[in-house]
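Now for the letters of each chain:
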Amino acid sequence: MLRGIIANDPRSPRPEKHGNPRNKPRRLAAALATILVMVLAPHNTQVDAGPRTKLEVTTCDAPTTTRNRTTRRVVGTKCASTAVDAGDCIRDEKRWSTRYRCLPSFVIGGAQKSATGSLAKWLENHPYLQRGIGGKGHPGEVHYFDSFSRNASLVDLERTWRSYAERFPALSENDLKKGVLTYEKSPSYLRFQQAPRLLASLLPSCAWILILRNPVDRAYSAFAHHIRHGRFGVVGDRVHTVEQKGCPDHRFKVWRLTPTKFEDACVKNVRILRGASDPAKFDAYVRYDTVASHHVDIVGERWKGGGPLDVVRDGAYASQFMQLYEFVDRSRVHVLFFEDLIKNPAGVLDKLQSALGLPSFEFAPRDLVVTKSRSRPPMLTETRAFLRAFYAPSLVSLRRVLQRDLPEAW
């Protein structure tokens, strides 16, 4: 009996508390306002995804079939790389539950600084897509097929393709039956000759989403990007590509372009460019240390035998597509333009979903924001005119290779 009346006894029952009755209308109004905001706020919607996907457990010697959204192949972990294709799944043996790792149905690549990261990020909101994850240094990009040497063979691919599958999120059996697909983003797959060859060998039915940007604007944006990473330096009055490793005595490896090739040397007293992009420094670099300055054959592939970056040469899109089409059928390549993506992202996504055969999904406008968009001083007028004249012949080749018109602003 005393327990109920001893105030300091923690076991004593406490009197029941009631809210102020005058606050009840306020609470009701707040709840109604919350519901109204949820109803009226923009939100993602989706249409019916269609029939459920049927899982098809196959043996290693079973032939690959035409890909569609009504069947999904599950192959064994001991199968050879020649027995798998885009969208195929293997059971994740590292988990006690039934989970699957699925190879990508499409990859995103293209020119550096052309919003490939934004597109990959936007697609993460699609309920039927899961994105592959890269390494610790660059989690947004997988970089599997371009990590091999130029002369890599299918033997090299055979040893590591299962680890590639582990780069993608583990999916449940219900995810597979819903039709959830995986994808990854690695822009340099277009530039590296071995990437299309190896990717087409492992995933012959994989689709390619490639974004291109006006090569003049792209070069300037890439120059600013590499400045932020300390890859340009000044020696005397010239701007050169530099590497901060590989030389003794705190020297820098400085690359200079001769009339026939790039040459490197370890140099002291190099001032690394930092901060915002300097239009005058970009002009000096373009005119004296890129393929535009020496009229070196622009078709030359950037990574032959190693060498420095050249933001001008990376705009040689025609040669990159010619090597891609040696291994990938045109029907599997979907080319987007940076300018269209920025101007009308929702429209581009609608067409892309249709081209890939994805369930139609309406993206919220708040999600379609370009990532890593930075302001910088405008390019010098004379620099732009110089680069436009340089790129003009290669753009004629690009129209012929793509068999389509380019944006008028190019």
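Relevant structure appears above.
These numbers were taken from a predicted model, which means no experiment stands behind them. (Residues numbered from 1 in each chain as written. Predicted model: local features only at pLDDT ≥ 70, side-chain atom pairs only at ≥ 80, totals over all residues. Heavy atoms only, no water.)

Visitor: Which parts of the structure should I look at to understand the state of the cysteines?
Guide: Linking two cysteines covalently through their sulfur atoms gives a disulfide. Within this structure, the stated rule accounts for 3 disulfides. Here Cys 60 connects covalently by a disulfide to Cys 79, the sulfurs 2.1 Å from one another. Across the S-S bond of Cys 60 and Cys 79 the torsion is about -90 degrees, and the bridge reads as left-handed. Taken together, the residues span a long stretch of sequence, with Cys 60 in the loop between strand E2 (54-57) and strand E3 (71-75) and Cys 79 in the loop between E3 and strand E4 (89-91) at a distance of 19 residues. Cys 79 sits in the buried class, given a relative accessible area of 1%. Here Cys 89 is linked by a disulfide to Cys 102, with a sulfur-sulfur distance of 2.1 Å. Across the S-S bond of Cys 89 and Cys 102 the torsion is about 100 degrees, and the bridge reads as right-handed. In this pair, Cys 89 sits in strand E4 while Cys 102 sits in strand E5 (residues 99-102), placing the two residues 13 residues apart along the sequence. (Disulfide = S-S within 2.5 Å. Helix = DSSP H or I, 4+ residues; strand = E, 2+ residues; numbered from the N terminus. Buried < 20%, exposed > 50% of the residue type's maximum accessible area, 1.4 Å probe, protein only.)

Visitor: Even after reading the chapter, I still don't get the environment of Val 335, so can you show me in this structure?
Guide: Relative to the helices and strands, Val 335 is located in strand E16 (residues 333-337). Spatially, the C-alpha atoms of Val 335 and Leu 352 are 9.8 Å apart, while their sequence positions differ by 17 residues. Apart from residues no more than four positions distant in its own chain, Val 335 is found in contact with Leu 210, Leu 212, Phe 321, Leu 402 and Arg 404. (Contact = heavy atoms within 4.5 Å.)

Visitor: Explain the packing of aromatic side chains to me, please; I cannot follow it from the model alone.
Guide: Aromatic rings in a pair are described by how distant their centres are and how their planes are angled relative to each other. Scanning the model with the defined rule gives 17 aromatic pairs in all. Note on Phe 223 and Tyr 285: the rings are 5.5 Å apart at their centroids and 25 degrees apart in plane angle, and the pair reads as stacked. Note that Phe 223 is positioned in helix H6 (residues 215-228) and Tyr 285 in helix H7 (residues 279-289), a separation of 62 residues in sequence. Here Phe 223 falls in the buried class, since its relative accessible area comes to 0%. Each ring, one from Tyr 317 and one from Trp 410, has its centre 6.3 Å from the other, and the planes form 45 degrees; the classification is tilted. On the criterion of sequence distance, the pair formed by Tyr 317 in helix H9 (residues 317-324) and Trp 410 in the segment after helix H12 (381-402) is long-range, its members being 93 residues apart. According to the relative accessible area criterion, Trp 410 is buried, its value standing at 9%. Within the aromatic cluster, the residues linked to one another by ring pairs are Tyr 144, Phe 145, Phe 148, Tyr 164, Phe 168 and Tyr 189. In this structure, Arg 238 packs its charged tip against the face of Tyr 288, placed 4.1 Å from the ring centre. When the ring centre of Tyr 325 is taken as origin, the NZ or CZ atom of Arg 330, which lies over that ring, is 4.2 Å away. (Phe/Tyr/Trp six-rings, centres within 6.5 Å; stacked < 30°, edge-to-face > 60°. Lys NZ or Arg CZ within 6 Å of the ring centre and 35° of its normal.)

Visitor: What should I look at first to understand the packing of helix H2 (residues 116-123) against helix H11 (residues 345-356) in this one?
Guide: To characterise two packed helices, one gives the angle between the axes of the helices and the distance between these axes. Contact geometry of H2 with H11 gives a least axis separation of 12 Å together with a crossing angle of 70 degrees. When the interaxial angle is binned, H2 and H11 end up roughly perpendicular. Seen along the crossing, H2 lies across H11 with a hand that is right-handed. Where H2 approaches H11, its residues Leu 119, Trp 122 and Leu 123 are matched on the opposing element by Pro 345, Leu 349 and Leu 352. Partitioned by chemical class, the residues of the contact of H2 with H11 number 6 nonpolar, no polar and no charged. (Axes fitted to C-alpha atoms, helices over the stretch in contact; angles between N-to-C directions. Parallel < 35°, antiparallel > 145°, perpendicular 65-115°, else oblique. Left-handed = near helix turned anticlockwise from the far one by under 90°. Nonpolar A, V, L, I, M, F, W, Y, C, P; charged D, E, K, R; others polar.)

Visitor: Hey, could you run me through the sheet that holds strand E7 (residues 129-131) in this one?
Guide: Adjacent strands of a sheet pair through backbone hydrogen bonds, lying either parallel or antiparallel. The 5 strands lie next to each other as E7-E9-E6-E10-E16, forming an open sheet whose pairing is parallel. What marks the edges here is a single partner per strand, and that holds for E7 and E16. Direction aside, the axes of adjacent strands within the sheet are offset by 25 degrees on average. Inspection of the sheet shows strand E6 (residues 106-110) paired to strand E9 (residues 181-185) by 3 bridges, in the parallel sense. Considered in E9, the bridge of Val 107 is made with Glu 184. Against the sheet, H9 contacts strand E10 (207-212) and E16, and its axis sits at roughly 175 degrees relative to E10. (Pairing = 2+ DSSP bridges.)

Visitor: Would you mind going over H7 with me for this structure?
Guide: An α-helical turn contains 3.6 residues, so a residue and the one three or four places further along point in the same direction. Along H7, the positions that sit buried rather than exposed are Pro 279, Phe 282, Asp 283, Ala 284, Tyr 285, Val 286 and Asp 289. Here H7 starts with a cap whose side-chain oxygen sits 2.9 Å from the backbone nitrogen of Ala 280, and that cap is Asp 278. (Polar contact = N/O pair within 3.5 Å; in protein donor to acceptor, adjacent residues only side chain to side chain.)

Visitor: I keep staring at unusual backbone geometry and nothing clicks. Help me out?
Guide: A negative phi angle is the norm for most residues apart from glycine, just as the trans form is the norm for most peptide bonds. One non-glycine residue with positive phi stands out, namely Ala 115, at about 70 degrees. With respect to the helices, strands and loops of the structure, Ala 115 is situated in the loop between E6 and H2.

Visitor: It is not clear to me how the packing of H9 against H12 should be interpreted in this structure. Could you clarify?
Guide: Where H9 contacts H12, the axes come no closer than 8 Å and their chain directions differ by 30 degrees. Considered as vectors, H9 and H12 are oriented roughly parallel to each other. When you trace H9 past H12, the crossing you get is left-handed. Here H9 contributes Tyr 317, Ala 318, Phe 321 and Met 322 to the contact with H12, which in turn contributes Ser 394, Ser 397, Leu 398, Val 401 and Leu 402.

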